[in-house]
Amino acid sequence: MKIIVPVKQVPEVAEVKVNEETGTLIRDGVPSILNPFDEYAVEEAIKLRDHYGGEVVVMTMGPPQAKEALWKALAMGGDRAIHLTDRIFAGADTWATAYTLARQIKKMEYDLVICGKQAIDGDTAQVGPEIAELLGIPQICYVRHLEIDEDGKHVIAHRETDDGYDVIKAKMPVLLTATKGLNEPRLPNIMGIMKAKKKPLEEIDAATLGVPEDDLGLKGSPTTVRKVFPPERKSGGIKLQDVDAKEAARQLVEFLAKKGAI
Amino acid sequence: MGLIYDKEKCTGCMLCPKVCNFGAIEKDGDKVKFDLDKCVLCGSCEEICPEDAIGIERKTVDKEKIAEYKDVWVWCETAEGKLRGVAFELVTKARELADKLGENVIAVLIGHEVEHLAEFLIHQGADRVLLVDDKIFADYTTDAYTIAMVTLIAPRKPSIVLYGATNNGRDLAPRVAARMALGLTADCTGLDIDDERQLVQTRPAFGGNIMAEILCPYTRPQMATVRPNVFKPSDRDTSCTGDIEKVEVKIGANQVRTRVLEHVKEVVEGMKSVEEADIVVCSGRGIKDPSNLTLPQELADLLNAAVGGSRPIVDAGWLPPTQQVGQSGRTISPSLYFALGISGAIQHCSGMSSSEIIIAINKDPEAPIFEIADFGIVGDIFEVVPAIIEEIKKLQSDR
Ligand SMILES: Cc1cc2nc3c(=O)[nH]c(=O)nc-3n(C[C@H](O)[C@H](O)[C@H](O)COP(=O)(O)OP(=O)(O)OC[C@H]3O[C@@H](n4cnc5c(N)ncnc54)[C@H](O)[C@@H]3O)c2cc1C
Ligand SMILES: Nc1ncnc2c1ncn2[C@@H]1O[C@H](COP(=O)(O)O)[C@@H](O)[C@H]1O
């Protein structure tokens, strides 16, 4: 089974702070990690390969340092990596990202493409379905359990819905997005980490990809960010400390009643 | 922009005329020919062609052409023969946007035996309902719903299309966006029209640490998924009138490539959905033991609220996964949110920071949840919550 896993390097959002004056993100010194939802995708791909044979190719589009995310995925057990890296790719929105990744994937052979449900920096959950559409293959999003049918040609997936889950069958090739519950991603061991940097890692730029500049990066992005700003801070949130429980409860209920909230 | 047909590659398999909803493709000898006056570039033929002989180039829309795109559309999701709450919220919001633009609100209703729902959408403020009703839409499938949406959008040229940011909405919208080469803004919490008549889409990013205003200047329609519960639906007015237009969409059985074998409901009998409730009482690790969950349940029952949990208590199996609030659970924005014994990790907050009023009760005065709380009480939930229950009971009996 040939499996492609697009992964993204993201800042550890829990460490991101906002500059209160400018309202911009302080990213300096914030560690970068492999997007947690992509770990589920990598883990599932490795398990399938170990069972059915084949190959796991991890790929990312991102700046030079995004290689670290590829190394992590290789250390977990990926076989080889592709790094789409070029300044022209910078500033891509979900459409331009999906377009770039899909152009590369189209040149490859695959049975499955497994993405994470969403990247924790933008939280859009759009790149996966957009890749699927651009490849012209079906998609199953928010997969939390996966089986390969006995015929070896179909997947049977549990897709999370708003009320529970749907059991869905589709013929490969198909694109899945992985969510919590699919598996327990392994931590790479020392052997894995040492081997990772020796595994093949191919770098591809825009010219090699063969896509006109107008379709890539900021230029190829239909959305533009007009401005970013800090969320409205609740002005003068109330905080009661060292107040006896009864009194605190009384004040809270009075507050809620006044607001018409209860 | 245009249709590209590679006659050399075409094998004359005749799949494409079968899926064209606009009668734009005809047999022409052992190949096909396209009637470009009828073609709306919906992409069905491109999708079905096994030989890659058909390509569609779509990109930006010329400035002069942008004015051709009119009306605010809402994809109105149904579940089990009912409209989801977010459909009403979005029709109300669409009404407001359309009034600013001087345009119409069009509700898109796709499903099986859903015609009776159309009038609710008109009473909610829609000028017209586009109804696509067929057995093939009984289950939500990405493929069938995408074809239906694109078939509706391509010839009618709306300026805005809104989707609820539910699991299905976030599955469908990017698929439509990619097929039509459109920008799409995810999980918006604010929508407005600017001086240039553009849709200003506001959304949180980085776990709610920052807000971004996003525009789609050169593509039409402008599309967004919108977080449920953020906009409040107006009262329905049964005197509103509007028309219902039935549209037939041809879909070949082999165009739907996923099959729904089973729907499994995990909603526990009597447990309210955190996404739909107006008030949510959420417990964290501070609740200590599953037997203590009777306490938040009692508070919730008093307020007609839903109970939710942070990830650790859902992972422990104390509450079902449907009740988890946060990045790997549900994103909610009720009008009132209680955080009981929750520290306020960013992954939790990103799922609830757009709640209208946030109440936090935590022993630890340094807990980050207090930074976003409107009303925080530093104290023990096992003392404070029973006292709150007492106070509310008092208030309710006084009324
Ligand atoms: C990729 C990823 C996704 C995640 N997704 C989610 C998600 O969707 N939802 C989510 O919730 N988390 C999520 N998390 C986990 C998140 O980082 C936190 O670990 C989690 O939210 C903490 O839950 P908690 O607040 O209940 O527990 P804790 O952090 O342990 O906090 C418990 C709090 O209870 C207080 N407390 C204890 N006893 C009492 C008492 N008697 N009275 C009052 N207060 C008391 C303590 O002071 C403490 O602040 C995710 C993490 C990752 C890495
Ligand atoms: N730059 C990228 N490179 C590779 N994969 C990506 C990239 N951006 C997003 N993805 C994939 O798409 C998923 C959803 O991302 P997003 O739509 O940004 O929330 C991620 O979990 C990844 O699997």
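Details of the structure are given in the entry above.
Notes on the structure follow. (Residues numbered from 1 in each chain as written. Chains lettered and ligands numbered in written order. Predicted model: local features only at pLDDT ≥ 70, side-chain atom pairs only at ≥ 80, totals over all residues. Heavy atoms only, no water.)

1. Brief notes about a negative patch on the surface
Then, number 1: On the surface, a cluster of negative charge is contributed by E113(B), D133(B), D134(B) and E248(B).
Then, number 2: Looking at the secondary structure, you find E248(B) in the loop between strand 16 (243-246) and strand 17 (258-265). (Patch = residues over 30% accessible without salt bridge, like charges linked within 9 Å, V, L, I, M, F, W, Y side chains within 5 Å. Areas by Shrake-Rupley, 256 points an atom, 1.4 Å probe, with all protein chains shown as cover. Salt bridge = Lys/Arg side-chain N within 4 Å of Asp/Glu carboxyl O. Lys, Arg positive; Asp, Glu negative; His and termini not counted. Charge placed at Lys NZ, Arg CZ, Asp CG, Glu CD. Helix = DSSP H or I, 4+ residues; strand = E, 2+ residues; numbered from the N terminus.)

2. Digging into the site of ligand 1
Then, number 1: Looking at ligand 1, there are 27 residues lining it, with R285(B), S310(B), S328(B), S343(B) and N362(B) nearest.
Then, number 2: The residues that come close to ligand 1 belong to more than one chain, namely chains A and B.
Then, number 3: At a separation of 3.0 Å, an oxygen atom of ligand 1 approaches a polar backbone atom of Q327(B).
Then, number 4: Within the contact set of ligand 1, an oxygen atom lies 2.8 Å away from a side-chain nitrogen or oxygen of H348(B).
Then, number 5: Within the complex, 81% of the 990 Å² of free accessible area of ligand 1 lies under protein.
Then, number 6: Contributions of two or more residues to the shell around ligand 1 are made by helix 9 (311-315), helix 10 (346-349) and helix 12 (381-398) of chain B.
Then, number 7: A per-class count over the shell around ligand 1 returns 7 nonpolar, 14 polar and 6 charged. (Near = heavy atom within 4 Å. Polar contact = N/O pair within 3.5 Å; in protein donor to acceptor, adjacent residues only side chain to side chain. Nonpolar A, V, L, I, M, F, W, Y, C, P; charged D, E, K, R; others polar.)

3. Quick notes on the pairing of strand 10 (residues 160-164) of chain B
Residues and elements named next belong to chain B.
Then, number 1: Along strand 10, 5 of the 5 residues are buried, which leaves the element largely enclosed by surrounding structure.
Then, number 2: For strand 5 (residues 72-76) and strand 10, the ladder comprises 4 bridges, and the chain directions are parallel. By the bridge assignment, V72 is partnered in strand 10 with I160.
Then, number 3: Of the pairings in the sheet, the one linking strand 10 to strand 15 (residues 222-226) comprises 5 bridges and is parallel in character. Across the sheet, residue V161 finds its bridge partner in strand 15, namely M223. (Buried < 20%, exposed > 50% of the residue type's maximum accessible area, 1.4 Å probe, protein only. Pairing = 2+ DSSP bridges.)

4. Here we look at the nonpolar core
Then, number 1: Core analysis: the biggest nonpolar cluster contains 48 residues, and V5(A), L112(A), I114(A), I140(A) and V155(A) have the highest contact counts within it.
Then, number 2: Counting residues per element, this core draws most heavily on helix 1 (residues 36-52) of chain A, which supplies 7 residues.
Then, number 3: Formed by 38 residues, the second largest nonpolar core is a distinct cluster that contains L252(A), A300(B), A387(B) and I388(B). (Core = buried A, V, L, I, M, F, W, Y, C linked by side-chain atoms within 4.5 Å.)

5. Here's the deal with empty space enclosed by the protein
Then, number 1: A full pass over the atoms with the stated rule returns 4 cavities of 30 Å³ or more.
Then, number 2: For the largest cavity, the calculated volume is near 330 Å³.
Then, number 3: Along its surface, the largest cavity is lined by 25 residues, and K117(A), Q118(A), R170(B), G329(B) and T331(B) are the ones closest to its centre.
Then, number 4: Per element, the largest residue contribution to the lining of the largest cavity is 3 residues, and it comes from strand 13 (residues 199-205) of chain B. (1 Å grid on protein atoms, 1.4 Å probe; cavity = no way out; pocket = protein on both sides within 12 Å on 5 of 7 lines; lining within 4 Å. Points joined across faces, edges and corners; volume = space filled by probe spheres on them.)

6. Describing the interface of chain B and chain A
Then, number 1: Facing 89 residues of chain B, the contacting portion of chain A comprises 83 residues.
Then, number 2: For the chain B and chain A pair, buried surface summed over both sides reaches about 7400 Å², with 55% attributable to carbon and sulfur atoms.
Then, number 3: Counting every contact that joins chain B to chain A gives 9 salt bridges.
Then, number 4: For D171(B), the salt bridge is made with R159(A), and the minimal N-O distance between the two is 4.0 Å.
Then, number 5: Along the contact surface separating chain B from chain A lie 41 residue pairs in polar contact (both at pLDDT 80 or more).
Then, number 6: Element by element, the count of residues in the side of chain B that touches chain A is highest for strand 17 of chain B, at 8 residues.
Then, number 7: Sheet topology places strand 14 (residues 224-229) of chain A next to strand 14 (residues 210-215) of chain B; 5 bridges connect them, and they run antiparallel. Looking at the pairing, V225(A) lines up with I214(B) of strand 14 of chain B. (Contact = heavy atoms within 4.5 Å. Buried area = accessible area lost by both parts, 1.4 Å probe.)

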